[in-house]
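# Secondary and tertiary structure notes
Residue strings, one per chain:
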Amino acid sequence: MSLEEKAKATAKNIEGKAQEALGNVTGDPQDKAEGKAKQAESEVRHAVEDVKDNVRKKLD
């Protein structure tokens, strides 16, 4: 996984957790949902990068 892409995915996860927490504090269901969506996007990004890494290893 490229370091840059890993950092972006991790930042998106942190952003999502913060937004979800804000939604919990304020009681805003939209913030909670958007925060969870960002966390899910982060998981997908990590999975894609893991697949890329595995392909690169097999090609080497």
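This structure is a prediction, so every number in the text was calculated from the model and none was measured. (Residues numbered from 1 in each chain as written. Predicted model: local features only at pLDDT ≥ 70, side-chain atom pairs only at ≥ 80, totals over all residues. Heavy atoms only, no water.)

### Things to note about helix H1 (residues 3-26)
Each α-helix winds once per 3.6 residues, and so residues spaced three or four apart point in a common direction. Between its first and last C-alpha, H1 extends 34 Å over 24 residues, near the 34 Å set by a 1.5 Å rise per residue. Of all the residues in H1, the buried ones are Ala-9, Lys-12, Gly-16, Gln-19, Glu-20 and Gly-23. Against the buried residues of H1 lie helix H2 (29-59). After H1 finishes, the residue Gly-27 shows a positive phi value of roughly 80 degrees. (Helix = DSSP H or I, 4+ residues; strand = E, 2+ residues; numbered from the N terminus. Expected span 1.5 Å × (residues − 1). Buried < 20%, exposed > 50% of the residue type's maximum accessible area, 1.4 Å probe, protein only. Contact = heavy atoms within 4.5 Å.)

### As for the UniProt feature "domain: CsbD-like" (unreviewed entry) in the protein chain
The sites that UniProt annotates as "domain: CsbD-like" (unreviewed entry) are residues 5-57. In residues 5-57, helix accounts for 96% and strand for 0%; the two terminal C-alpha atoms are 18 Å from one another. (UniProt positions renumbered as here; feature names shortened; annotations may be inferred.)

### Quick look at the environment of Asp-31
Counting through the fold element by element, Asp-31 comes out in helix H2. Owing to a relative accessible area of 17%, Asp-31 belongs among the buried residues under this scheme. Placed 11 residues apart in sequence, Asp-31 and Glu-20 show a C-alpha to C-alpha distance of 5.9 Å. If we skip the residues at most four places from it in the chain, Asp-31 touches Gln-19, Glu-20, Leu-22 and Gly-23. At 3.2 Å, the side chain of Asp-31 forms a polar contact with the side chain of Gln-19. (Polar contact = N/O pair within 3.5 Å; in protein donor to acceptor, adjacent residues only side chain to side chain.)

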